Amino acid sequence: MSLSVEIAHRFEGLALDVAFDAPPGVTALIGRSGAGKTTVANVIAGLMRPDRARIALDGAVLVDTAAGLWPPPQARRVGYVFQEARLFPHLSVRQNLLYGARRRGRLREGQAELGPVTDLLGIAALLARRPGALSGGERQRVAIGRALLSGPRLLLLDEPLAALDPARKSEILPYLERLRDQSRLPILYVSHAMEEVARLATTVVALDAGRVVARGSAAEVLSDPGAVPALDPGTAGAVIEAVVEAQEADGLTRLAGAGGTLYLPRLDAAPGARVRLRIEAQDVLIARDRPAGLSALNLLPAQVLSVHPGRGPGALVRLRAGDAILLARVTQRSVAALGLAPGLPVHAVVKSLAVASGNIGTAG
Amino acid sequence: MFAPPSPAEWEILALSLRVGLLAVALALPPALLAAHALARWSFPGKALFNGLVHLPLVLPPVVTGYLLLLAFGPQAPLGQALDAVGLPIAFRWTGAAVAAAVMAFPLMVRAMRLSIEAVDPRLEQAAATLGAGRPAVVLTVTLPLALPGVVAGAILGFAKALGEFGATITFVSNIPGETRTLPLAVYAFLQVPGGEGAATRMVVLAVVLSMGALLVSEWVAARAARRVAGA
């Protein structure tokens, strides 16, 4: 299943004009607040009618305003998980979960089964409760289950973790990873949190001021300084995939990454498990010669691909280490002092403890 | 003074309750529809519609009663049509209920509109994305969440219907046992020399009845609010 989207709309102060394809898996729509991310989600769900839109799902045209095709939300089968859960306060968790199934007659036909969904999301014990008695994380999991049980062809998640504290976020992320790995639905994930995007996204579409500024695989876009206007440079970072090799006696985990061997603080994963790491640009140092007497454990031979001076004193340097792309955030003074230029062989230094556990997820 | 109500007084009381209940039953569906329209729809002439809804509140009740007489009286086409299908209302207790319903209608719409406006439209959007069409959204989300206000509006309407005087006496007159509700009875007693005692007993009954309705409404609304809050 794949989704193709073209939307144009003129707001006061923002001209939205986007077109992108979302292949199966999780497509993250990233960008700063006001970039038009939520508008895109609302148009796809049918909650907001733009000047012009064409949306096709698996080749079948769902929306085409030029041809007068604008079905109402209830006819679209687009599951929507909102930032604030929006559970029905007067219904129990069970009734909330089955609301969409009941409306679409899936209950009568026995197509909606609570069991697999409540197991996937870990909400089986909450069925008899009212939403008022749930924690924020539980509410969001119920909202995801409610959308899944309505039999959607596409799932939209609009910053589903934004209203939660960090502990709740890390409680839900594993469920989202399972959802990504177990369902065949295309999932559009709207977010500006790089940590979530790096862990979940297969494909990333970066929006800035109503336009697509970068699109491609998560590893490509997140390490693309061209997409950085859509991000906060402070949060720039590359995503690499790695396989757990061994748990070492001193509490470190050895990983074979695309760019070479990495040592990280102990990961809760068996040897052979595939993981996804997000290495923030500000945690990567660059050395021209292989440094000696350095405490950092991860030294990856690399080559400079490009140098992108920022507006301030900083610059983002894009590096290729083996098959992996890394981003390093250094000062422009260092760029000059080291003579960093495309093609130059260097060493990338990554401090083991700098990779926060929130930046490590399972690979889909 | 404090003797239990006589059979004649019971009759007045029972008639008043009957008129009040029928009035609320008649006014409730259109009031809900009008409240939902005013709270959630946008259509041309909405301001005019709003004015029409509130007309019975601002017109002198006698005028409303006279308009009802013009529309539903024995000589009026509408009145004759109702006669023909066996539902005569002119000078009947059902007519008193119609008059009370018309007078209670704007008050009910106001209370219900406020409670519908207080329902988070984002919940209605969520329901739509889950496959609920507009009628289903109203029945499964909007109305259950607006229930405390709907109940309060209905009870307010009931209280108004019990106390309705001007439109009722103009439209269906003051016929003992047929259209003589509590306020009409008070008026009738006051027209007779020495009727003050009977009138006072009626007044006490009216106070008891109104206070009772108010307490019940508070209790029901609180219960409904608790149910909606889901605690």
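Analysis parameters
- Residues numbered from 1 in each chain as written.
- Chains lettered and ligands numbered in written order.
- Predicted model: local features only at pLDDT ≥ 70, side-chain atom pairs only at ≥ 80, totals over all residues.
- Heavy atoms only, no water.
- UniProt positions renumbered as here; feature names shortened; annotations may be inferred.
- Domains from an automatic or database assignment.
- Contact = heavy atoms within 4.5 Å.
- Buried area = accessible area lost by both parts, 1.4 Å probe.
- Salt bridge = Lys/Arg side-chain N within 4 Å of Asp/Glu carboxyl O.
- Polar contact = N/O pair within 3.5 Å; in protein donor to acceptor, adjacent residues only side chain to side chain.
- Helix = DSSP H or I, 4+ residues; strand = E, 2+ residues; numbered from the N terminus.

Looking up chain B in an unreviewed UniProt entry gives the name Molybdenum transport system permease, with the organism given as Roseicyclus persicicus. Listed under Sequence similarities (unreviewed entry) in UniProt, the entry text for chain B is "Belongs to the binding-protein-dependent transport system permease family. CysTW subfamily." Quoted verbatim from the Function (unreviewed entry) field of the UniProt record, the comment on chain B reads "Part of the binding-protein-dependent transport system for molybdenum; probably responsible for the translocation of the substrate across the membrane."

Per an unreviewed UniProt entry, the recorded name for chain A is Molybdenum ABC transporter ATP-binding protein, and the organism is Roseicyclus persicicus.

Provide a residue-level description of the domain arrangement of chain A, including the pertinent values.
When the parts come together, some accessible area is lost, and that loss is often what is quoted as the size of the interface. Residue and element names in this part refer to chain A. You can read the domains of chain A as domain 1 (3–228) and domain 2 (237–362). Spacing between the C-alpha centres of domain 1 and domain 2 amounts to 32 Å. Counting residues at the interface gives 19 residues for domain 1, matched by 16 residues for domain 2. Taken together, the two surfaces of domain 1 and domain 2 that pack against each other cover about 1300 Å², and 54% of this comes from carbon and sulfur. A per-residue breakdown of the area domain 1 buries against domain 2 is headed by Arg199, Ser223 and Pro225, which together make up 39% of the total. Summed over the shared surface of domain 1 and domain 2, the result is zero salt bridges. Here domain 1 is connected to domain 2 by two residue pairs in polar contact (both at pLDDT 80 or more). For the side of domain 1 that touches domain 2, the secondary-structure elements that each account for two or more residues are helix 5 (166–182), helix 6 (194–200) and helix 7 (218–222). When residues of the side of domain 1 that touches domain 2 are assigned to their parent elements, the largest contribution, six residues, is made by helix 6.

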